[in-house]
Amino acid sequence: MLADKARSPEPTDRAQNFDVIDPSDDLAADTIVLAPGEAKEIEILARRISDCCGHLPLSHPNLIEAVEVEAGRLPATVASSLTRYREYGTGSGVLLLKGLPVDEPLPPTPEDGAYAGEWTDLAISTVTELMVMSRLGAVIAYADEKAGRLVQDVCPVRGAETRQENTGSSLLELHTEDGFHPNKPAFIGLSCLRQDHEGSALTVAGSIRAVLPDLPPQTVEVLRRPLFRIRLSSSFTGGEAPRYSSLMPVLSGPRDDPDMCVDFHAMESFDERGTRALQLLRDHLLQALIGVAMEPGDLLIVDNRLAVHGRTGFVPRHDGRDRWLRRCFAVTDIRASRGSRPPKSRVHEPL
Ligand SMILES: O=C(O)CCC(=O)C(=O)O
Ligand SMILES: [Fe+2]
């Protein structure tokens, strides 16, 4: 549903909010709400993994294998919705699972953006996310980013408020995750451990499927040309001199159901038509954004080939109870990246 233009935020609000958001209606078709009994079943699977493999690091191949075996035992409703999502995607480009089991009591939200305890302290949510993502592909990470952790913390860090990274708390611009990476994730899982204090932060997403019919044909033609490049995220370069992807198109693949790779903060075109086409694509995506106020037990899975995502701004308090999501990536072809990973490792070597 489109927001009333008359209610569009004033320019000063733009640092915190996207113009068009409807948090509720549009996502109902792409939301699975688990019954308490199903959550319990998943919790039992997760405990089984922490019992057998709690002594292993999370990225150990034996642990990943055990996760994939248990993922085969997920409740049928969850498993079949994940199979359908993997095969066909959704119009919104996301799937939202609600009511997943969570760890209790929860430790304080990490102050520095990375949980310092053992993964077994958060065994239920960690293994649950890994099992779900394993039904969509092979879970992977990047050594360059977040210390190569398979399940990463997403929480506000003092001093990083305005950074275009998930450690920030002002508006996070729409982006394909790691769009500059030759082996970018196909799916991103964002699970919620703790909501922001005001319950106002929305994870937003916009799908090419939602906007393609309305994009002018000449804009689509420009977006299909390799006129664009993406600056590597500062989480990859660690603040060193900027590095860029090679030139790429924004849209690729079949004309009636293309893939999209775009980043409205870090992508540029040297061609004026490219710059205009990017702006028009963003305008259309803003009109089609869905927003989710992530609550504990939610897992939002973004199809990174179909949809961009971002986040509205929020105000952290740094009191140990700030917003806390956990992120996990999956690729559909693990063999494709074998040259960039050590043997048996799911963690990509630095770019
Ligand atoms: O904080 C959010 O809701 C999204 C953050 C994000 O884009 C990410 O972690 O990749
Ligand atoms: Fe992201």
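Per an unreviewed UniProt entry, the protein carries the name TauD/TfdA family dioxygenase and comes from Streptomyces chiangmaiensis. UniProt annotates the protein under Cofactor (unreviewed entry) with the comment "Fe(2+)". The record in UniProt for the protein states the following under Sequence similarities (unreviewed entry): "Belongs to the clavaminate synthase family."

Undergrad: Sorry, what's going on with the layout of surface pockets here?
TA: The rolling of a water-molecule-sized probe over the atoms marks out the regions of remaining empty space. By volume, the largest pocket is sized at about 580 Å³. Taken together, 35 residues line the largest pocket, and the ones lying closest to its centre are Gln 164, Glu 165, Asn 166, Leu 172 and Ser 233. For the second largest pocket, the calculated volume is near 270 Å³. Of the residues contributing to the lining of the second largest pocket, the split by class is 7 nonpolar, 3 polar and 3 charged.

Undergrad: Sorry if this is basic, but what is going on with the sheet that holds strand β14 (residues 307-311) here?
TA: Pairing between the strands of a sheet is mediated by backbone hydrogen bonds and can be parallel or antiparallel. Spatial ordering of the open sheet is given by β5-β14-β7-β12, a layout of 4 strands whose pairing is antiparallel. Two strands in the sheet have a free side with no partner beyond their single neighbour: β5 (172-175) and β12 (290-292). Each strand of the sheet is rotated relative to its neighbour by a mean of 20 degrees, with strand direction disregarded. Against the sheet, helix α8 (residues 272-287) makes contact with β5, β7 (203-207) and β14, and its axis sits at roughly 105 degrees relative to β5, the strand it touches most.

Undergrad: Sorry if this is basic, but what is going on with empty space enclosed by the protein here?
TA: Summed over all chains, the structure comprises 3 cavities of 30 Å³ or more. Each pocket or cavity is described by its volume, and for the largest cavity that value is around 80 Å³. Taken together, Leu 100, Pro 101, Val 102, Ser 125, Thr 128, Glu 129, Ser 191, Cys 192, Leu 193, Gly 297, Asp 298 and Leu 299 form the lining of the largest cavity. Its residues placed into classes, the lining of the largest cavity shows 6 nonpolar, 4 polar and 2 charged. The computed volume of the second largest cavity comes to approximately 40 Å³. Lining the second largest cavity are Thr 109, Pro 110, Glu 111, Cys 155, Pro 156, His 318, Asp 319, Gly 320, Arg 321 and Asp 322.

Undergrad: Would you mind going over the site of ligand 1 with me for this structure?
TA: Around ligand 1, the structure places Val 154, Asn 166, Leu 172, His 175, Glu 177, Leu 190, Thr 203, His 309, Arg 311, Arg 323, Leu 325 and Arg 327. Asn 166 places a side-chain nitrogen or oxygen 2.9 Å from an oxygen atom of ligand 1. Within the complex, 99% of the 300 Å² of free accessible area of ligand 1 lies under protein. With respect to the detected pockets, ligand 1 is housed in the largest pocket. Looking at the shell around ligand 1, the elements that each hand over two or more residues are β5, β14 and β15 (324-331). Looking at the shell around ligand 1 residue by residue, the classes come out as 4 nonpolar, 4 polar and 4 charged.

Undergrad: Help me out: how do you make sense of the UniProt feature "domain: TauD/TfdA-like" (unreviewed entry) in the protein in this one?
TA: This chain's UniProt record puts "domain: TauD/TfdA-like" (unreviewed entry) on residues 148-328. Across residues 148-328 one finds 17% helix and 27% strand; the C-alpha atoms that close the span lie 11 Å apart.

Undergrad: Just checking my understanding: could you explain the coordination of the iron ion (ligand 2) for this structure?
TA: Working reference: metal with six octahedral donors, ideal angles 90 or 180 degrees; metal with four tetrahedral donors, ideal angle 109.5 degrees. In this structure, His 175 (NE2), Glu 177 (OE) and His 309 (NE2) serve as the protein donors to the iron ion (ligand 2), at separations of 2.0 to 2.1 Å. Expressed as a motif, the donor residue spacing for the iron ion (ligand 2) is H-x1-E-x131-H. When its relative accessible area of 6% is taken as the criterion, Glu 177 is described as buried.

Undergrad: Looking at this structure, I do not really get the pairing of β7. What am I missing?
TA: Consecutive side chains of a regular strand alternate in pointing toward one face of the sheet and then the other. When you tally the buried positions in β7, you get 5 out of 5 residues, the bulk of the element. Across 3 bridges, the pairing between β7 and β12 is antiparallel. Across the sheet, Thr 203 pairs through a bridge with Val 292, a residue of β12.

Undergrad: Can you help me understand the environment of Ser 233 in this one?
TA: Checked against the element boundaries, Ser 233 lands in the loop between β8 (228-230) and α7 (234-237). For the pair formed by Ser 233 and Ile 140, sequence separation is 93 residues and the distance between their alpha carbons is 18 Å.

Undergrad: Would you explain unusual backbone geometry in this entry?
TA: The linkage connecting Glu 104 with the following residue, Pro 105, adopts the cis geometry, with an omega of -10 degrees. Position of Pro 105 among the secondary structure elements: in the loop between β2 (94-98) and α4 (123-134). Phi at Ala 147 is positive, roughly 55 degrees, even though this residue is not glycine. Its location among the elements puts Ala 147 in the loop between β3 (138-142) and β4 (152-154). Unlike most non-glycine residues, Lys 344 shows phi in positive territory, near 65 degrees. Inspection of the secondary structure assignment puts Lys 344 in the loop between β15 and β16 (347-348). Owing to a relative accessible area of 73%, Lys 344 belongs among the exposed residues under this scheme.

Conventions used here
Residues numbered from 1 in each chain as written. Chains lettered and ligands numbered in written order. Predicted model: local features only at pLDDT ≥ 70, side-chain atom pairs only at ≥ 80, totals over all residues. Heavy atoms only, no water. UniProt positions renumbered as here; feature names shortened; annotations may be inferred. 1 Å grid on protein atoms, 1.4 Å probe; cavity = no way out; pocket = protein on both sides within 12 Å on 5 of 7 lines; lining within 4 Å. Points joined across faces, edges and corners; volume = space filled by probe spheres on them. Nonpolar A, V, L, I, M, F, W, Y, C, P; charged D, E, K, R; others polar. Pairing = 2+ DSSP bridges. Helix = DSSP H or I, 4+ residues; strand = E, 2+ residues; numbered from the N terminus. Axes fitted to C-alpha atoms, helices over the stretch in contact; angles between N-to-C directions. Contact = heavy atoms within 4.5 Å. Near = heavy atom within 4 Å. Polar contact = N/O pair within 3.5 Å; in protein donor to acceptor, adjacent residues only side chain to side chain. Areas by Shrake-Rupley, 256 points an atom, 1.4 Å probe, with all protein chains shown as cover. Sits in = over half its atoms within 2 Å of the grid points. Donors = N, O, S within 2.8 Å, 3.2 Å for Na, K, Ca; no water. Buried < 20%, exposed > 50% of the residue type's maximum accessible area, 1.4 Å probe, protein only.

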